[in-house]
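# Fold and geometry: a report
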Amino acid sequence: MDRRRKIIGYLLALMAVVAQLAGADPAGAGDRGDPRDEGASVFRGWGMDTCQAPALTTLSAWKSSDYRAVGVYFAGRARACPHQTYLSERWLEGADDLGWRVLPIYVGSQSPCVRASNKRGFLIGSYPYDQGQSEGEDAVSRASALGIVSRSALYLDMEAYDDKDGDCARTTLSYIRGWNAAVRAGGYLPGFYSSAESGVRHMDRARRSGTTGLPDVLWFARWRVEPTTDREPLIGRTAWQPHRRIHQYQGNVTESHGGRKLTIDRNLVDAPVAIID
C-alpha cells in the first residue's frame, strides 16, 4: 500500500510538472476573466505609441492608416518626453471623437537593475511597496484630471532590467505590486509594459509561484517577430487571457500617413483602453 501511494504521488507530481511546461496556469493566477465583465472597454487591432502625443491634425491624417489605438505617456517621473505639447483633457476628447482608442502609459520609478543608462536617475528606493503605492495614486490622480475615468487601463512602463538578480527582482516586484494595488483601489485596471525577456518573464514567474497582486494586463515588447498576442513563449498559454495582452513587435519606425510623419513603435492590441469622459 505504501509503495502504491508513493507511485501515485510520483505520478501526480510528474503530471503537475508536465502541465506547467505546457503552459497550464494555477487557478486564478494572472487570470481575472474577461475585463469587459469589470466594465472595461476592449480594443482589438493595430496600435502605435510615440514619445510625444501627436497633434489632433496628425491623428486625423493618420486615419488613413490601419492604426486605431495610440499609446500616450500621460505621467510619471521617468518619461522621456515629460513636457507634452498637446496632451490635455480636450486632446483626449478630440482623439476619442476621431475614433482613436488611447493606451495611457505611466513611466514611474525604474528597477534598481534597469539596463538603460538614461533611466538610472529614477530608481526605486528603499521602501518599494510604499513608493509604488504613492506613484500608483499619482497615476490615478493624473489620469482622472485628464478625463480618463474608472474602469480604464493604466499601463506602468518598466524598462528592461536584470530579472535574474534576486534582490533587484524582489524590490522591483514589490514596487509593481504597490503600484497595482493603488491603481486598482482607485477603480482602474493596472497594466504593465516591459520587455518580454525581463519584466514580462518576471511577472509570469511570479504568477507561477502563486504571487498575488500582479498586473491585470501585460504589454510585452518582443521586436522583429510576427505580431501575436497569443503565442508569446514566456507567458503561460492561458494566463492574462482573454483580452489582456498587447504585443509591441517593432520599434523606432518612421511612417507617413495623410502627409504627416511620426516615429512610432508598432503594437498589436487585444486589451483594455482608456474610457474618456
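Quantities reported herein were computed from a predicted structural model and do not represent experimental measurements.

### Examining the nonpolar core
Ranked by size, the top nonpolar core spans 49 residues in total, and within it Met 48, Phe 74, Ile 148, Leu 154 and Met 203 carry the most contacts. The biggest single contributor to this core is helix 5 (residues 166-185), with six residues. Excluding residues that lie within four positions of it along the chain, Met 203 makes contacts with Tyr 161, Leu 173, Ile 176, Phe 192, Leu 214, Pro 215, Leu 218 and Trp 240. Ala 69, Tyr 155, Ala 271 and Val 273 belong to the second largest nonpolar core, which has 19 residues in total.

### Some points on the state of the cysteines
For the coordinates displayed, the defined rule picks out two disulfides. Shown here is the disulfide that connects Cys 51 with Cys 81, its sulfur atoms set 1.9 Å apart. Between Cys 51 and Cys 81 the sulfur-sulfur dihedral comes to about 115°; the bridge is accordingly right-handed. One end of the pair, Cys 51, is in the loop between strand 1 (42-49) and helix 2 (56-61); the other, Cys 81, is in the loop between strand 2 (67-75) and helix 3 (89-97), and 30 residues separate them in sequence. Overall, Cys 81 belongs to the buried group, its relative accessible area being 18%. A sulfur-sulfur distance of 1.9 Å marks the disulfide that ties Cys 113 to Cys 168. Negative torsions about the S-S bond denote left-handed disulfides, and the value of about -90° found for Cys 113 with Cys 168 makes this one left-handed.

Criteria and thresholds
Residues numbered from 1 in each chain as written. Predicted model: local features only at pLDDT ≥ 70, side-chain atom pairs only at ≥ 80, totals over all residues. Heavy atoms only, no water. Core = buried A, V, L, I, M, F, W, Y, C linked by side-chain atoms within 4.5 Å. Buried < 20%, exposed > 50% of the residue type's maximum accessible area, 1.4 Å probe, protein only. Helix = DSSP H or I, 4+ residues; strand = E, 2+ residues; numbered from the N terminus. Contact = heavy atoms within 4.5 Å. Disulfide = S-S within 2.5 Å.

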